[in-house]
Amino acid sequence: MEVILLKDLNIGDKNTVIKVSRGHARNYLFPNGLALEANKANLKHVESINTQRKKKLDKEKAEVEKLAKKINEHGEIVIKAKGSESGALFGSVTNVQLTEEINKTFGTELDHRRVLVKNLREPGLADVPIKLTFGITAKAKVKIELVIEKAKEEAPKKRG
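None of the values given here were measured: they were computed from a predicted structure.

Novice: Teacher, can you tell me more about the nonpolar core here?
Specialist: Across soluble globular proteins, nonpolar side chains have a tendency to be buried as a group. One finds Leu 98, Ile 102, Leu 120, Leu 132, Val 142 and Ile 144 to be the most contacted residues of the largest nonpolar core, which totals 25 residues. Broken down by secondary-structure element, the contributors of at least two residues to this core are helix 2 (40–73), strand 4 (77–83), helix 3 (95–106), strand 7 (124–131) and strand 8 (137–148). If you look at the next biggest cluster of nonpolar residues, it comprises 8 residues, including Val 20, Leu 29, Leu 34 and Ala 35.

Here's what the structure looks like:
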């Protein structure tokens, strides 16, 4: 007997047509709402659902490709970081800081785990790969500018 699965199961994926025994369909799949009989009306309904889903996915993929192109073609994203006069950063610029700047610049809501660089420890220019959905990766140009912080002078000691 052919059935249309309504959920992802170990025997097949959602909205696919598979062959199962009549007993399995009638005693388990139908009563638990996991499948429908594969008749003309149900097949037509599932086909329309699959068509709508494909259109939606195509639209989302086009938006992600547009964002990737925007990131790749954008100039430098400048991040200011404190450092010493010798040119070394105090600490490093983390992927969380990078993500905040990228989100601010492009108006996105990326998760920091999508930025594939953990830390930037030196001032200068760096290419930062960003893993987007649908297997698309973009590279943002990030410039770390050094903000020099001078050592504090010791305060004169009080006598008394």
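Novice: Just to check I follow, could you spell out the pairing of strand 8 for this structure?
Specialist: When a strand is regular, its side chains alternate between the sheet's two faces. As paired strands, strand 4 and strand 8 are joined by 7 bridges and run parallel to one another. Bridging from a neighbouring strand, Lys 82 pairs with Val 147 of strand 8. Across 8 bridges, strand 7 lies against strand 8 in antiparallel orientation. Its bridge partner being in strand 8, Ala 126 is matched across the sheet by Val 142. Connecting strand 7 to the antiparallel partner strand 8 that follows it, the hairpin turn spans 5 residues, and Phe 134 within it adopts a positive phi of roughly 60 degrees.

Novice: Would you mind going over the sheet that holds strand 4 with me for this structure?
Specialist: Sheet strands pair via backbone hydrogen bonds, and the direction of the pair is either parallel or antiparallel. The strand order 4-8-7 describes an open sheet built from 3 strands, whose pairing is mixed. The sheet terminates laterally at strand 4 and strand 7, the two strands that pair on one side only. Pairs of neighbouring strands in the sheet enclose a mean axial angle of 35 degrees, with direction left out of account. Across the sheet, helix 2 is in contact with strand 7 and strand 8; its angle to strand 8 comes to roughly 35 degrees.

Novice: Would you mind showing me how to read the environment of Ser 92 here?
Specialist: Tracing the backbone shows Ser 92 in the loop between strand 4 and strand 5 (93–94). In contact with Ser 92, not counting residues within four places along its chain, are Gln 97, Asn 119, Leu 120 and Arg 121.

Calculation notes
Residues numbered from 1 in each chain as written. Predicted model: local features only at pLDDT ≥ 70, side-chain atom pairs only at ≥ 80, totals over all residues. Heavy atoms only, no water. Core = buried A, V, L, I, M, F, W, Y, C linked by side-chain atoms within 4.5 Å. Buried < 20%, exposed > 50% of the residue type's maximum accessible area, 1.4 Å probe, protein only. Helix = DSSP H or I, 4+ residues; strand = E, 2+ residues; numbered from the N terminus. Pairing = 2+ DSSP bridges. Axes fitted to C-alpha atoms, helices over the stretch in contact; angles between N-to-C directions. Contact = heavy atoms within 4.5 Å.

Purely spatial values, then, with no claim about function.
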